[in-house]
Amino acid sequence: MSAAYRHIKLPAVGEKAVIRNGKLHVPDQAIIGFVEGDGIGPDITKACLRVWDAAVAKAYAGRRKIHWCETFLGEKAAGLYDGNYCPDETLRALRELVISIKGPLTTPVGGGFRSLNVALRQELDLYACVRPVRHYAGVPSPLKQPGKVDVVIFRENTEDVYAGIEYKAGTPENARVTKFLREEMKAKFFDGSGIGIKPISAFGTKRLVRKAIQYAIDHGRESVTLVHKGNIMKFTEGAFRNWGYELAREEFGSVTITEEQLYAEYKGKQPEGKIVIKDRIADIMFQMMLLRPEEFDVLATPNLNGDYLSDAVAAEVGGMGIAPGANISDNIAVFEATHGTAPKYANQNKVNPGSLLFSGVMMLEYMGWKEAADLISLVYPEVVSDGIVTYDFARQIEGAKEVGTSQFADALIERIQGGIDLEAKRKAQQEQLIKERKQREIRRLLQPMEEMVSTGRAPQTVGELMTRALITVGDGETIESTMHTMHQNNVSCVVVEPNAQGEWGIVTRRDIVTKIVYANRSTATTKVKDIASRPLFSVPVETSLREASRLLADRNFSRLAIAQGDKIIGIVTETDVFNAVERFGWVE
């Protein structure tokens, strides 16, 4: 039993959620924490609490109920805890309550941390920032077809430049780091530079990607895309990409395939029950979320990319005012409004509660209370489409009726209590989803190369270019029969199966010209083992195209064998590399 709190008061009834054996268990009478927030926080929190309660009451007719427990951060905490904006008592409560939601918070000027939100994430190790971004009918958007945007962004929360490892120019610490980098590591950069360190680890990457893939499985999503700048930052963001694929292969191999496999093995037809693992360069991803957003379901990104991307995509569907978010670890989840405190609108009953409202919808889904979550998601566009909106939308919608924060909540509650056919709405949504997925599949089947180009896919490794349909022969085959095999299959080489020593080999057209024709040997009596090149030089499937090109040049080869473990699984040729660069371009 934990020690009593100083200012936090647990409800007299209800139970806390618990994590048992890695699984979340939420009681029907659940105690959930909330932080009111600063600035506009009280206005939107009070409105949202009423909407969430109404949805739970309607969905479960009293069988389930949330018992709210107020906890304190920001300015309200400072008033209670002698100026402390982030009291230890609140951190302990957030851990023990397991599930909480908070309004926007102020970071104190001259405080001991750069951001109260960042401090909270680091103190509680809330390593995954989860931001669903979708359009609701009636909400103003700069896009022609905003309904195509429906993506969930998993942003790593604890590493990258947000780790806060920085050294100010002109300080002794900066001088020591600069001296080490220049003298020991031979690094070159301008004098007077500020120095920042960008740590990205296998541990941090894999736990984020694991959560993203599991989300895709649990929510019936088609794909998970790793967003990175690995073409430039090869050992941090490039490693993020590689570790992501590695995690998918090792822990989710039975339910995932790569995008390369989707096209090469399955000809663009996604197998039932499989999730496609993709990756995109960050700058290309920004383009794709404008041009082809429907191609992407779940995104997994390092910290900085995710910060940019989540805000940019939110702007496509109505802005930060309705963008929900959560910070989640394996044991704690804190849902939050993603916008600022907007102090000039504080206590005016004016602002849009959408961001916090939909963060609460996320929370209900996380709790497994999907019926209540769906009620809010389904009535919201109906209210907005009727022109009942707060000031930010009213100025963009002709003929809209501007209402205050609490009045908007009233309109939502009225619709919730009036009843809605959840099953019919869900069925219609599912039918539309199936139709859209089928259309994408047909495009991949009919125009695979065009679809690759238009969706931003550019091959970066030999595994993405290699020919998987290998033609193999045994040592005992004659050169005559081997030549017939090569001619019939229109290939310039065959892979020779392992000999007694387990060594793979290769026979090429050049081998036949130089070792048979030039040497005046019989094709009918000479065996493959007599001219095969062994051991076969091979490279791992994740070898970059640049490294493959170097090996082709250095060794004067025209092709490379591709290995996965001890097995040869493909061949990539200099023609393959040439065609890929001609088709997709080359990014340094």
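Residues numbered from 1 in each chain as written. Predicted model: local features only at pLDDT ≥ 70, side-chain atom pairs only at ≥ 80, totals over all residues. Heavy atoms only, no water.

Draft legend 1. Highlighting helix α9 (residues 282-291). The complete set of buried residues in α9 reads A282, M285, M288 and M289. Viewed end-on, α9 has its buried residues packed into an arc of 105°, placing them on one side of the element. With respect to the buried face of α9, the exposed residues turned more than 90 degrees away are L290 and L291. (Buried < 20%, exposed > 50% of the residue type's maximum accessible area, 1.4 Å probe, protein only. Helix = DSSP H or I, 4+ residues; strand = E, 2+ residues; numbered from the N terminus. Arc of directions from axis to C-beta.)

Draft legend 2. Local environment of the pairing of strand β15 (residues 324-328). Among the five residues in β15, five count as buried, and that is most of the element. Neither face of β15 is exposed, since P324, A326 and I328 on one face and G325 and N327 on the opposite face are all buried. In the sheet, strand β7 (residues 128-134) pairs with β15 via three bridges, with the strands oriented antiparallel. Looking at β15, one finds that C129 is bridged to N327. Bridge analysis of β15 against strand β16 (residues 333-337) gives five bridges, and the strand direction is antiparallel. If you follow I328 over to β16, its bridge partner there is A333. Hairpin connection from β15 to β16: four residues lie between these consecutive antiparallel strands. (Pairing = 2+ DSSP bridges.)

Draft legend 3. Summary view of the environment of A312. Within the secondary structure, A312 is located in helix α10 (residues 303-316). C-alpha separation for the pair A312 and M289, spaced 23 residues apart in sequence, amounts to 9.1 Å.

Draft legend 4. Main features of the sheet that holds strand β23 (residues 559-564). Ordered by their spatial adjacency, three strands build an open sheet running β22-β23-β24, and the pairing between neighbours is mixed. The sheet terminates laterally at β22 (538-540) and β24 (567-573), the two strands that pair on one side only. Averaged over all pairs of adjacent strands, the angle between strand axes in this sheet comes to 40°, irrespective of strand direction. Looking at chain direction, β23 and β24 are connected through six bridges and run antiparallel. Note that in β24 the partner of Q564 across the bridge is K567. (Axes fitted to C-alpha atoms, helices over the stretch in contact; angles between N-to-C directions.)

Draft legend 5. Local environment of empty space enclosed by the protein. On inspection of all chains with the given rule, the structure shows one cavity of 30 Å³ or more. In this model, the largest cavity occupies a volume close to 140 Å³. In terms of lining, the largest cavity is formed by 16 residues, of which the most central are E222, S223, K278, E295 and R444. Of all the secondary structure elements, the ones that give two or more residues to the lining of the largest cavity are α8 (259-264), β13 (275-281) and α15 (422-446). Split by residue class, the lining of the largest cavity holds four nonpolar, three polar and nine charged. (1 Å grid on protein atoms, 1.4 Å probe; cavity = no way out; pocket = protein on both sides within 12 Å on 5 of 7 lines; lining within 4 Å. Points joined across faces, edges and corners; volume = space filled by probe spheres on them. Nonpolar A, V, L, I, M, F, W, Y, C, P; charged D, E, K, R; others polar.)

Draft legend 6. Summary view of the pattern of salt bridges. One pass over the full model with this rule turns up 41 salt bridges. Ionic pairing is found between R292 and E295, a salt bridge with its closest N-O pair at 2.8 Å. Through salt bridges with shared partners, one network takes in R292, E294, E295 and R443. (Salt bridge = Lys/Arg side-chain N within 4 Å of Asp/Glu carboxyl O.)

Draft legend 7. Expanded view of the pairing of β7. Burial of β7 is extensive: six of the seven residues sit out of reach of the surface. Two strands pair when backbone bridges link them, and β7 and strand β8 (residues 150-156) are joined in this way by seven bridges, in the antiparallel orientation. The partner of C129 across the bridge, within β8, is R155.

Draft legend 8. Summary view of the sheet that holds strand β21 (residues 505-508). Strand order in the open sheet formed by three strands is β19-β20-β21, with mixed pairing between adjacent strands. Only two strands of the sheet have a single neighbouring strand rather than two, namely β19 (472-473) and β21. In terms of strand pairing, strand β20 (residues 493-496) meets β21 through four bridges, oriented antiparallel. Its bridge partner being in β21, C493 is matched across the sheet by T508. Its contacts with the sheet place helix α18 (residues 479-489) against β19, β20 and β21, and it is angled at close to 125° to β20. (Contact = heavy atoms within 4.5 Å.)

Draft legend 9. Examining the packing of helix α1 (residues 41-60) against helix α14 (residues 405-418) more closely. Running from amino to carboxyl end, α1 crosses α14 at an angle of 5°, the nearest separation of the two axes being 9 Å. Overall, the two elements α1 and α14 adopt an arrangement that is roughly parallel. Of the residues in α14, those touching α1 at D43, I44, A47, R50, V51, A54, A55 and K58 are T405, S406, A409, D410, L412, I413, I416 and Q417. (Parallel < 35°, antiparallel > 145°, perpendicular 65-115°, else oblique.)

Draft legend 10. Representation of the nonpolar core in the model. Within the largest apolar cluster, 85 residues are counted, with the highest numbers of intra-cluster contacts made by M367 and Y380. The contacts of M367, once residues within four sequence positions are left out, are L24, V26, A30, I32, I66 and I99. (Core = buried A, V, L, I, M, F, W, Y, C linked by side-chain atoms within 4.5 Å.)

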